[in-house]
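Remarks on the overall topology
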Amino acid sequence: MTNTLSSETEKPVRILNAAVIVAALGYFVDIYDLLLFGIVRTDSLKDLGITGDAIRNQGEFLISMQMFGMLFGGILWGILGDKKGRISVLFGSILIYSVANIANGMVTTVDGYAFWRLIAGIGLAGELGAGITLVTESLPKEKRGYGTMIVASVGVSGAVVAYLVYQVFQDWRLCYYAGGVLGLLLLFLRISISESGMFKKVQESEEKKGDFLSLFTNKKRFSKYIQCILIGIPLWFLVGVLITFSPEFAKALDVQGFETIAAGKAIAWCYGGLVFGDIASGLLSQWLKSRKKVMYLFLTFNLIMVFMFLNAFGISASTFYILCFIMGFSVGYWVLFVTIAAEQFGTNIRATVTTTVPNFVRGSLPLIIIIYGFFRDTIFDGDILKSAMIVGTLLSIISILALWKLKETFHTDLNYSENETQPLL
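Parameters at a glance
- Residues numbered from 1 in each chain as written.
- Predicted model: local features only at pLDDT ≥ 70, side-chain atom pairs only at ≥ 80, totals over all residues.
- Heavy atoms only, no water.
- UniProt positions renumbered as here; feature names shortened; annotations may be inferred.
- Phe/Tyr/Trp six-rings, centres within 6.5 Å; stacked < 30°, edge-to-face > 60°.
- Buried < 20%, exposed > 50% of the residue type's maximum accessible area, 1.4 Å probe, protein only.
- Lys NZ or Arg CZ within 6 Å of the ring centre and 35° of its normal.
- Core = buried A, V, L, I, M, F, W, Y, C linked by side-chain atoms within 4.5 Å.
- Helix = DSSP H or I, 4+ residues; strand = E, 2+ residues; numbered from the N terminus.
- Contact = heavy atoms within 4.5 Å.
- Patch = residues over 30% accessible without salt bridge, like charges linked within 9 Å, V, L, I, M, F, W, Y side chains within 5 Å.
- Areas by Shrake-Rupley, 256 points an atom, 1.4 Å probe, with all protein chains shown as cover.
- Salt bridge = Lys/Arg side-chain N within 4 Å of Asp/Glu carboxyl O.
- Axes fitted to C-alpha atoms, helices over the stretch in contact; angles between N-to-C directions.
- Left-handed = near helix turned anticlockwise from the far one by under 90°.
- Nonpolar A, V, L, I, M, F, W, Y, C, P; charged D, E, K, R; others polar.
- Expected span 1.5 Å × (residues − 1).
- Bend = angle between axes of the 7 residues up to and from the residue.

Within an unreviewed UniProt entry, the label attached to the protein chain reads MFS transporter, and the organism entered is Flavobacterium yafengii. For the record of the protein chain, the UniProt heading Subcellular location (unreviewed entry) holds the text "Membrane".

Encoded structure:
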């Protein structure tokens, strides 16, 4: 049951408004920082004195610390987004991850690296959810898909730029400094955007705002929330495991010249594909006037590409990178999945949902790595290909079943708030 807000919010018709531009640029810097670690992982750890298998183990530890930060930050920023406003979260998160970026460039130990990846994770957790919430509430329902598509396509290109910056500087510390400076420069754009009209209306009401626990005390709401999280997990398995550890998979697949395969280059190719995938999924969603149909298409395509990747024995290095690009395209539903989450819930908890859902997906990576490691080390005696195949298939099946249970939200009017019904216990 929902409660429609008493006053209709005036929405601008122009798609490329200030909110869309700032959210897109913020997400660009967000993705730059988020994926930069994967790009400089090996070289940065070697520079800190880590060698051999410890590079993989410490890499898994550091990326897990970053994701733990995103789990905590997702809850923190989500609640603040509904209580204090979308803009305050948008720029607060940018400030924190910019400072953390600069600090990452100064670390001299793995422990210091882990601490600042944790802080960076907390900062990174807020930008996308706040940006998407602001955009969906600032555009009419017929056009908000175009707005979120722009945010995604500009944003994910940050990974490609991170790789190119590393190729230019050839210094992982300078790459972190560059990301921090970009974020701080973005803060100057704060004066150009105003708060969501829907948020202002709900602020004037007596509705309870930013109540994270309300997602767990209502049966229907809890089910929707869990389903929104589950539909995004296959993407982060692909990026966080298959692409981030692509050199190890290239070796297992006996790729020609596997010694030359670099995780940073694989990430750049993957996110290049993701840019086009986000554009394609956004346009298809507008054309078909459906979020779910497009999600089904991409989830199925993603599973097919995982199978192709893990069976691509003996291919050339160039073909390997092309596969990374196509896999990136197959998971180009990231912003579509976040948009679905935003459209499933009322204005008084929308930022909480839209911020926590993608971060719970990202934060699931440590658990995914543990499950993947269990199959790799216990069941399949070190066979990373079979292990990845099993985990990837299970996650895809779960996500498709979760999507099946969700309602179509393309035509949903977002000008409403949530009421308590159907207690969970």
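On we go.
A look at the packing of aromatic side chains
A full pass over the atoms with the stated rule returns 24 aromatic pairs. When the centroid spacing of 5.8 Å and the interplanar angle of 55° are considered together, the rings of phenylalanine 216 and phenylalanine 222 count as tilted. According to the relative accessible area criterion, phenylalanine 222 is partly exposed, its value standing at 26%. Positioned above the aromatic ring of phenylalanine 345, the side-chain terminus of lysine 224 is 4.5 Å from the ring centre. Geometry around tryptophan 236 places arginine 362 over its ring, the cationic atom sitting 5.9 Å from the centre.

Re the nonpolar core
Core analysis: the biggest nonpolar cluster contains 131 residues, and Tyr113, Leu242, Phe249, Tyr271 and Phe320 have the highest contact counts within it. Counting residues per element, this core draws most heavily on helix α1 (residues 18-47), which supplies 17 residues. Among residues more than four places away in sequence, those in contact with leucine 242 are Phe237, Phe249, Val306, Phe309, Leu310, Met327 and Ala388.

Describing a nonpolar patch on the surface
A grouping of Leu16, Ile21 and Leu25 is seen on the molecular surface, where their side chains present a nonpolar patch of about 230 Å² in accessible area. With respect to the element layout, leucine 16 can be found in the loop between β1 (2-4) and α1.

Here's the deal with the packing of helix α2 (residues 54-83) against helix α4 (residues 110-138)
Orientation of α2 relative to α4, taken along the N-to-C sense of each, is 35°, at an axis distance of 6 Å. In this structure, α2 crosses over α4, and the sense of that crossing is right-handed. Counted together, Gln58, Phe61, Leu62, Met65, Gln66, Phe68, Gly69, Met70, Phe72, Gly73, Gly74 and Trp77 of α2 and Val110, Tyr113, Ala114, Arg117, Leu118, Gly121, Ile122, Gly123, Leu124, Ala125 and Gly126 of α4 form the full contact between these two elements. Grouping the constituent residues of the contact of α2 with α4 by class yields 14 nonpolar, 8 polar and 1 charged.

Points about α1
With 30 residues, α1 extends 41 Å between its outermost C-alpha atoms, agreeing within 8% with the 44 Å of an ideal straight helix rising 1.5 Å per residue. Of all the bends in α1, the largest measures some 65° and sits at arginine 41. Across the 30 residues of α1, 23 count as buried, placing the element largely inside the fold.

Observations concerning helix α15 (residues 347-363)
Owing to its 3.6 residues per turn, the α-helix aligns residues three or four sequence positions apart on the same side. Over its 17 residues, α15 extends 24 Å from the first C-alpha to the last, a length consistent with the 24 Å expected when each residue adds 1.5 Å. α15 sits mainly inside the fold: 17 of its 17 residues count as buried.

Thoughts on the side chain of arginine 117
Looking at where arginine 117 falls in the secondary structure, it is placed in helix α4. Leaving out residues up to four positions away in the same chain, arginine 117 has contacts with Asp33, Phe37, Leu62, Met65, Gln66, Asn101, Asn104, Leu124 and Tyr176.

Topic: the environment of proline 358
Structurally, proline 358 can be placed in helix α15. For proline 358 and tryptophan 236, which are 122 residues apart along the polypeptide, the C-alpha to C-alpha distance reads 9.7 Å. Setting aside anything within four residues of it in sequence, one finds proline 358 in contact with Leu128, Trp334, Phe337, Val338 and Val353.

Description of unusual backbone geometry
Of note, the phi angle at glutamine 170 is positive, near 55°, even though the residue is not glycine. Secondary-structure assignment places glutamine 170 in the loop between α5 (144-169) and α6 (172-186). Judged by relative accessible area, which is 54%, glutamine 170 ranks as exposed. We note that aspartate 381 has phi near 50°; this positive angle belongs to a residue other than glycine. Locating aspartate 381 in the fold gives a position in the loop between α16 (365-379) and α17 (384-405). We classify aspartate 381 as exposed; its relative accessible area is 71%.

A word on the environment of phenylalanine 276
Here phenylalanine 276 lies in helix α11 (residues 263-288). In sequence terms phenylalanine 276 and glutamine 58 are 218 residues apart; their C-alpha atoms lie 32 Å from each other. In contact with phenylalanine 276, not counting residues within four places along its chain, are Phe325 and Phe329.

What to know about the pattern of salt bridges
Counted by the stated rule, this structure contains 7 salt bridges. With a closest N to O distance of 3.7 Å, aspartate 30 and arginine 362 form a salt bridge. Taken together, the residues span a long stretch of sequence, with aspartate 30 in helix α1 and arginine 362 in helix α15 at a distance of 332 residues. With respect to class, aspartate 30 is no different from arginine 362; both count as buried. The salt bridge involving glutamate 343 is made with arginine 291; its shortest N-O contact spans 2.7 Å. Of this pair, glutamate 343 sits in helix α14 (residues 334-343) while arginine 291 sits in the loop between α11 and α12 (292-309), and the two are 52 residues apart along the sequence.

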